[in-house]
Each structure stands twice: as C-alpha cells, then as structure tokens.
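As a plain string of letters, each chain reads:
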Amino acid sequence: MRFFVTGRRGQLGSALARVIPPGSFVGTDLPELDIRDAEAVRSAIAAARPDVVIHCAAMTDVDGCARDPALAHAINADGTMHVALGAAAARAGLVYVGTNEVFDGTLDRPYVETDLPNPVNAYGRSKLEGEIAAARHHGAPWIVRTAWAYGAGGRNFVHRIREIADAKGALRVVADEVSCPTWTDDLAAAILRLVERAPAGVYHLAGLGSCSRFELAKAVLEMTGRGHVPVESITSAEWPRPSRPPLRTALDAGKAASFGVPMLPWREALAQFLAGER
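Numbers given to residues run from 1 along each chain, matching the order in which its sequence is written. In keeping with the predicted nature of the model, local features appear solely for residues at pLDDT of at least 70, side-chain atom pairs appear and are counted solely at 80 or more, and the whole-chain, interface and lining totals rest on all residues. Hydrogens are left out, water is left out, and the side-chain values use all remaining heavy atoms of the structure.

Enquirer: Just checking my understanding: could you explain helix α6 (residues 157-168) for this structure?
Expert: Each turn of an α-helix holds 3.6 residues, which means side chains three or four residues apart point in the same direction. Helix length check: α6 (twelve residues) gives 16 Å between terminal C-alpha atoms against 16 Å at 1.5 Å per residue, within 8%. Relative accessibility under 20% of the residue-type maximum defines a buried residue, over 50% an exposed one, and the middle range a partly exposed one, all with a 1.4 Å probe and only protein chains included. Secondary structure elements follow DSSP: runs of H or I no shorter than four residues count as helices, runs of E no shorter than two count as strands, and numbering proceeds from the N terminus. Looking only at α6, the buried set comprises V158, H159, I161, R162 and A165. Take α6 and look down its axis: the buried residues cluster within an arc of 160°, on one side only. For α6, the exposed residues set more than 90 degrees away from the buried face come down to A167 and K168. The inward-facing, buried residues of α6 contact β6 (149-150), β7 (171-174), α8 (213-223) and α10 (266-276). Here a polar contact is taken to be a pair of N or O atoms separated by no more than 3.5 Å, where protein atoms must pair a possible hydrogen donor with a possible acceptor and residues adjacent in sequence count only if both atoms sit in side chains. The backbone nitrogen of V158 lies 3.1 Å from a side-chain oxygen of the residue at the head of α6, namely N156. In this scheme, a helix's expected span is set at 1.5 Å multiplied by one less than its residue total. Starting at the helix axis, one direction is taken to each C-beta atom, and the arc is that of these directions. Two residues qualify as a contact provided that any one of their heavy atoms is within 4.5 Å of a heavy atom in the partner residue.

Enquirer: I would appreciate a short explanation of the nonpolar core in the present structure.
Expert: If you look at soluble globular proteins, the nonpolar side chains tend to sit buried side by side. L12, L16, I54, V95, I191, L194 and L205 are the most contacted members of the largest nonpolar core, which totals 27 residues. Mapped onto this core, the elements with two or more residues apiece are β1 (3-6), α1 (11-19), β3 (52-55), β4 (93-99), β5 (142-146) and α7 (184-197). If one sorts the elements of this core by residue count, α7 sits on top with seven residues. For I191, the contacting residues outside a window of four places in its chain are L12, I54, V95, V97, V144 and L205. For our purposes a nonpolar core is just a set of buried Ala, Val, Leu, Ile, Met, Phe, Trp, Tyr and Cys residues, chained together by side-chain atoms within 4.5 Å.

Enquirer: What am I meant to see in unusual backbone geometry here?
Expert: Peptide bonds are mostly trans, and most non-glycine residues show a negative phi. In this model, L30 is joined to P31 through a cis peptide bond whose omega is 5°. If you check the backbone angles, R49 has positive phi at about 50° while not being a glycine. Secondary-structure assignment places R49 in the loop between α2 (38-48) and β3.

Enquirer: Could you clarify how one ought to interpret the packing of α6 against α8 in this entry?
Expert: Helix packing for two helices is described by the angle between their axes and how far apart those axes are. Axis lines are fitted to C-alpha atoms, over the contacting stretch for helices. Their N-to-C directions set the angle, which ranges from 0 to 180 degrees. At a minimum axis separation of 10 Å, α6 and α8 run at an interaxial angle of 65°. Of the possible angle classes, the one that applies to α6 and α8 is roughly perpendicular. In terms of crossing hand, the pair formed by α6 and α8 is right-handed. Each of F157, V158, I161, R162 and A165 in α6 lies in contact with α8, whose residues at this interface are R213, L216, A217, V220 and L221. The class makeup of the residues in the contact of α6 with α8 is eight nonpolar, no polar and two charged. When an angle is under 35 degrees it counts as roughly parallel; over 145 it counts as roughly antiparallel; between 65 and 115 it counts as roughly perpendicular; any other value is oblique. Crossings are classed by handedness, with left-handed meaning an anticlockwise turn of the near helix from the far one by less than a right angle and right-handed meaning a clockwise turn. Polar here means any residue outside two lists: the nonpolar Ala, Val, Leu, Ile, Met, Phe, Trp, Tyr, Cys and Pro, and the charged Asp, Glu, Lys and Arg; Gly therefore counts as polar.

Enquirer: Honestly, the sheet that holds β1 in this entry has me stumped. Any pointers?
Expert: Picture the strands of a sheet paired through backbone hydrogen bonds; they go either parallel or antiparallel. Only strands that DSSP links by at least two bridges are regarded as paired with each other. Strand order in this open sheet of six strands is β2-β1-β3-β4-β5-β10, and the pairing throughout is parallel. Edge strands, defined here as strands with exactly one partner in the open sheet, are β2 (25-28) and β10 (201-204). Strand-to-strand twist of the sheet, defined as the mean angle between neighbouring strand axes without regard to direction, takes the value 20°. In terms of strand pairing, β1 meets β2 through four bridges, oriented parallel. Note on β2: the bridge partner recorded for T6 is T28.

Enquirer: Please clarify how α10 should be interpreted in this entry.
Expert: Turning to α10, its buried residues are W266, A269, L270, F273 and L274. Down the axis of α10, the buried side of the element spans an arc of 130°, and every buried residue falls inside it. Buried-residue contacts for α10 involve β6, α6, β9 (182-183), β11 (211-212) and α8.

Enquirer: It is not clear to me how the side chain of D63 should be interpreted in this structure. Could you clarify?
Expert: Examined against the element boundaries, D63 turns out to sit in helix α3 (residues 62-67). Of note is the side chain of D63, whose polar atom sits 3.1 Å from the side chain of R241. Separated by 3.2 Å, the side chain of D63 and the backbone nitrogen of S243 make a polar contact. Apart from residues no more than four positions distant in its own chain, D63 is found in contact with R241, P242 and S243.

Enquirer: Would you mind showing me how to read the packing of helix α4 (residues 69-89) against helix α5 (residues 122-138) here?
Expert: Where α4 contacts α5, the two axes come as close as 8 Å, and the packing angle between them is 20°. Between α4 and α5, the crossing angle belongs to the class labelled roughly parallel. In the crossing of α4 with α5, the sense of the turn from one axis to the other is right-handed. Where α4 approaches α5, its residues P69, A72, H73, N76, A77, T80, M81, A84, L85, A87 and A88 are matched on the opposing element by A122, Y123, S126, K127, E129, G130, A133, A134, H137 and H138.

Enquirer: What exactly am I supposed to notice about the packing of aromatic side chains here?
Expert: For any pair of aromatic rings, geometry is given as the distance between the ring centres together with the angle between the planes. Side-chain rings of Phe, Tyr and Trp (the six-membered ring for Trp) are treated as a pair once their centres are within 6.5 Å; stacked means planes under 30 degrees apart, edge-to-face means over 60, and tilted covers the remaining angles. By the definition in use, this model includes four aromatic pairs. Between F103 and Y111, the ring centres sit 4.1 Å apart and the planes meet at 15°, which makes this aromatic pair stacked. Seen from their ring centres, Y203 and F259 are 6.0 Å apart, and the 80° between their planes marks the pair as edge-to-face. Residue Y203 is found in strand β10, and its partner F259 is found in the loop between α9 (254-258) and α10; the two are separated by 56 residues along the sequence. Classification of Y203 as buried rests on a relative accessible area of 1%. Judged by its relative accessible area of 32%, F259 falls in the partly exposed class. Put simply, the rings of Y150, W183 and F273 touch in pairs and so form one group of aromatic residues. Sitting above the plane of the F157 ring, R213 keeps its charged end 4.9 Å from the centroid. Two thresholds decide whether a charge sits over a ring: the Lys NZ or Arg CZ must be within 6 Å of the ring centre and within 35 degrees of the ring normal. Cation over ring: K255 sits above Y203, and NZ or CZ is 4.4 Å from the ring centre.

In short, geometric facts, not functional conclusions.
Here you go:
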C-alpha cells in the first residue's frame, strides 16, 4: 500500500515516516507544497499515485488561530478541502487527522464519536470545518480525532515542561484542563492498523486514560529524574492566553479498539517515549 502524507515534517508526519516502509511513503510539507494551493495539491497527489492520503498538515498553533481565524480557516478547512478533492480524484483513501478540541469540554465523561461537536475556540472551529470538508469532498474518509500529541522532533508540552524545569527550577501548570496525552509513534502505528482493519468513519485515537496538564507535568518530571522540581497547581483562568481551551476533552478510544486498533495507556506510552530520548 502506498501512502501520501501531508505535514511530513511535523510530529505525526515524522512518526509515520518511521513506520511506513520507504518505498511506500511519499511525504510533503512546506515550503514545497502549500495546501492552500488547490492545483498544486491535486498535482502532487496525482503524481504520487497513492492508495491512501494521510492529511496531517494543519495550523496547530491554538493561540495563533485565535489571533488569525481567517488563516486558520484557510489552512485547516480550505486546505483540507483541497486535499480531499485531490484524494478523491486519485481514487485514494483519505485519513483526516482531527482534534479533541472540536468538543466544548463540558461532559463529565470521555467523548465518544457520536457526541455532538461544539468547539469553543477558533482552532476547534477550523478543525471541525476540516472534518466537514473531508466528508463532503471525499465521501468516505477516516476522520481520526486525537489529543495532546507529543513526539520526537517537535515542540510540545512534554518538551516544554522539561525546558522550563531546567531553566527556572519551578513550574506553574493548570490542573483543570483534562485530556489524553498521545504519543505520535503510537498514533502513527494505530492509523495504519485502522486503515487496514476498519471501515471509513469517525474514530478517536488517543492515549488510554486521562489526566490534567498538572498531572502530566508531574509524570514527566518524575520519569526524567526531575521529581524534586516544585510544581504549583493553578486554574486555566490564572493562565491568560488568546485562546480559550475546552477544559475536559478526554476521548474514548473504544470504537477503534473494537476493530483491533488499541492504544497504549498514556503513562506507558510516555515512559517509552522518554526512555527513547535519553
């Protein structure tokens, strides 16, 4: 099976490049391909002749999306439309990588695929528009929602916690924002299994279990020999930022597991990731 991956240099795109055999992988990213250019996208996908397009490219700077929602829409919604049309024209399958932030974070249980999206910020709205575009212009995509992704080669919460601990010797971390930390290596392998084993549809793929940002920070410090670093628990209201985060957006990955696509428990995945970085 031949794969065409957008966002090749991102955390997930890089993880996919590690698990897909080189002869089956074609990846692209900025500057060689801007997904806002419909004709360039169509031509690139047609030239690659893929069986499946995995669309990872996105504007994921949540605060940047709040500052420039028009740009977020152009990349996450219109860009996805271009990729979906290109995949459909090439008669290739499509995997659209979505986000937990399509939900408003008001449920007291993990979200399942049939729960109604209701994004509360520009990033979530643009990614929901991407889901709609993928379904409308491709017809039968796999829509994969994930959460709190971290992996090698990227700037993410896990890396940032270590950096701040080393630079400042203390941290302040929000304790009322809860979701599922997800290792991109685990996610990449799960996406490939999903394409092989499950019909097109909406799926949640995220680390099993959930935690707060505060609990995740404590786990990172403990697993990297920094458990002595003090961490102050604060609320999201005490950490002002341009974008309002949904507070409780844990994802239930049971549907994917029922097709033989399980995810690792988040602590186990985090330990494996950190062990590999030593």
